[in-house]
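So the chains spell out like this:
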Amino acid sequence: SVAYILSMEFLQLSQSRSGKDDPNFYDLKDAFFLQGPDPIGRDAVCPRDGRPGCAMVDVLQRVHRRQCTHFLSWAWSYSVSLVRSAIRSWMD
């Protein structure tokens, strides 16, 4: 959800997993899903296919998961701060 992307929880997760103050989404790909001892969603069962491993959205707290109303696309080289700033501007 937009609320989750704008939350301190997401910012802190991004920073702690990547080791960077303002990671881009290339940095987060490895830090969230591919490297390290605890890839996000690795041990959860996917609600769509019933197999191990799922998307990040599937492991978020229920308050951050709802029916999608908008599609957000960005370039992987965009930083977290740029995406968060753009979302804030869009909401205003």
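Quick note: structure is the one above.
For every chain, the first residue of the written sequence is number 1, and numbering continues from 1 onward in sequence order. Predicted model: local features are reported for residues with pLDDT of at least 70 only, side-chain atom pairs are reported and counted for 80 or more only, and whole-chain, interface and lining totals are derived from all residues. With hydrogens and water excluded, all non-hydrogen atoms of the structure serve as input to the side-chain values.

On to the nonpolar core, then. As used in this record, nonpolar core signifies buried Ala, Val, Leu, Ile, Met, Phe, Trp, Tyr and Cys residues forming a set joined through side-chain atoms within 4.5 Å. Relative accessibility decides the category of a residue: with a 1.4 Å probe and only protein chains considered, values under 20% of the type maximum give buried, values over 50% give exposed, and everything between is partly exposed. In this structure, Tyr4, Phe10, Phe25, Leu28, Phe32, Met56 and Val80 are the most contacted members of the largest nonpolar core, which totals 13 residues. Put simply, the parts of the chain that give this core at least two residues each are helix H2 (8-18), helix H3 (25-34) and helix H5 (80-91). Only heavy atoms enter the contact rule, under which two residues are in contact if any of them lie within 4.5 Å. With sequence-adjacent residues up to four places away left out, Met56 is seen in contact with Tyr4, Phe10, Leu13, Phe32, Phe33 and Ile40. For the purposes of this entry, the term helix denotes a DSSP run of H or I that reaches at least four residues, the term strand denotes a run of E that reaches at least two, and both are numbered from the N terminus.

Moving on, we come to the packing of H2 against H3. Between N-to-C directions, angles cover 0 to 180 degrees, with each direction set by a line fitted to C-alpha atoms, over the stretch in contact for helices. Across the interface, H2 lies against H3 with an axial gap of 9 Å and an inter-helix angle of 75 degrees. In terms of orientation, H2 lies roughly perpendicular with respect to H3. Residues Phe10, Leu13, Ser14, Arg17 and Ser18 of H2 touch H3, and the partners they reach there are Phe25, Asp27, Leu28, Ala31 and Phe32. Of the residues in the contact of H2 with H3, the class split is 6 nonpolar, 2 polar and 2 charged. Working rule for angles: under 35 degrees goes down as roughly parallel, over 145 as roughly antiparallel, 65 to 115 as roughly perpendicular, anything else as oblique. Classes in brief: Ala, Val, Leu, Ile, Met, Phe, Trp, Tyr, Cys and Pro nonpolar; Asp, Glu, Lys and Arg charged; the others, Gly included, polar.

Before going further, it helps to examine the packing of aromatic side chains. For any pair of aromatic rings, the description consists of the separation of the ring centres together with the inter-plane angle of the planes. Pairs were defined over the aromatic rings of Phe, Tyr and Trp, the Trp ring being its six-membered one, requiring ring centres within 6.5 Å. Orientation was assigned from the angle between planes: stacked under 30 degrees, edge-to-face over 60, tilted for the rest. Enumeration over the complete set of coordinates arrives at 4 aromatic pairs. A ring pair is formed by Phe10 and Phe32, whose centres lie 6.3 Å apart and whose planes are at 85 degrees; its orientation type is edge-to-face. Taken together, the residues Phe10 in helix H2 and Phe32 in helix H3 connect sequence positions 22 residues apart. This pair shows no difference in class: Phe10 is buried, exactly as Phe32 is. Their ring planes at 85 degrees and their centres at 5.8 Å tell us that Phe32 and Phe33 sit as a pair that is edge-to-face.

What follows deals with H5. Here the expected span of a helix is defined as 1.5 Å times the quantity of residues minus one. Between its first and last C-alpha atoms H5 spans 17 Å; for 12 residues at 1.5 Å apiece the expected length is 16 Å, and the two agree. Within the span of H5, buried status applies to Val80, Val83, Arg84 and Ile87. Down the axis, H5 shows its buried residues gathered within 95 degrees of arc, on one side only. The inward-facing, buried residues of H5 contact helix H1 (2-5), H2 and H3. Here, the arc refers to the directions that run from the helix axis to the C-beta atoms.

For the rest of this paragraph, the subject is the side chain of Ser79. Residue position: Ser79 is located in the loop between helix H4 (56-59) and H5. Ser79 gets classed as buried once you look at its relative accessible area, which sits at 17%. Under the rule applied, a polar contact is a pair of N or O atoms within 3.5 Å (in protein, one hydrogen donor and one hydrogen acceptor; residues adjacent in sequence only if both atoms are side-chain atoms). A distance of 3.1 Å separates the side chain of Ser79 from the side chain of Ser81, its partner in a polar contact. The contact partners of Ser79, leaving out residues within four places of it in the chain, are Asp22, Pro23, Asn24 and Phe25.

Turning to the pattern of salt bridges, a few remarks are in order. Between Lys or Arg on one side and Asp or Glu on the other, a salt bridge is scored when a side-chain nitrogen of the former is within 4 Å of a carboxyl oxygen of the latter. Summed over all chains, the structure comprises 4 salt bridges. One salt bridge in this structure joins Asp43 and Arg42, with 3.3 Å as the shortest N-O distance. Note on Arg42: relative accessible area 40%, which makes it partly exposed. In this structure, the salt-bridge partner of Asp58 is Arg48, at a minimum N-O distance of 2.5 Å. Here the residue Asp58 occupies a position in helix H4, and Arg48 occupies one in the loop between H3 and H4, the gap between them amounting to 10 residues. A relative accessible area of 18% means that Asp58 is categorised as buried.

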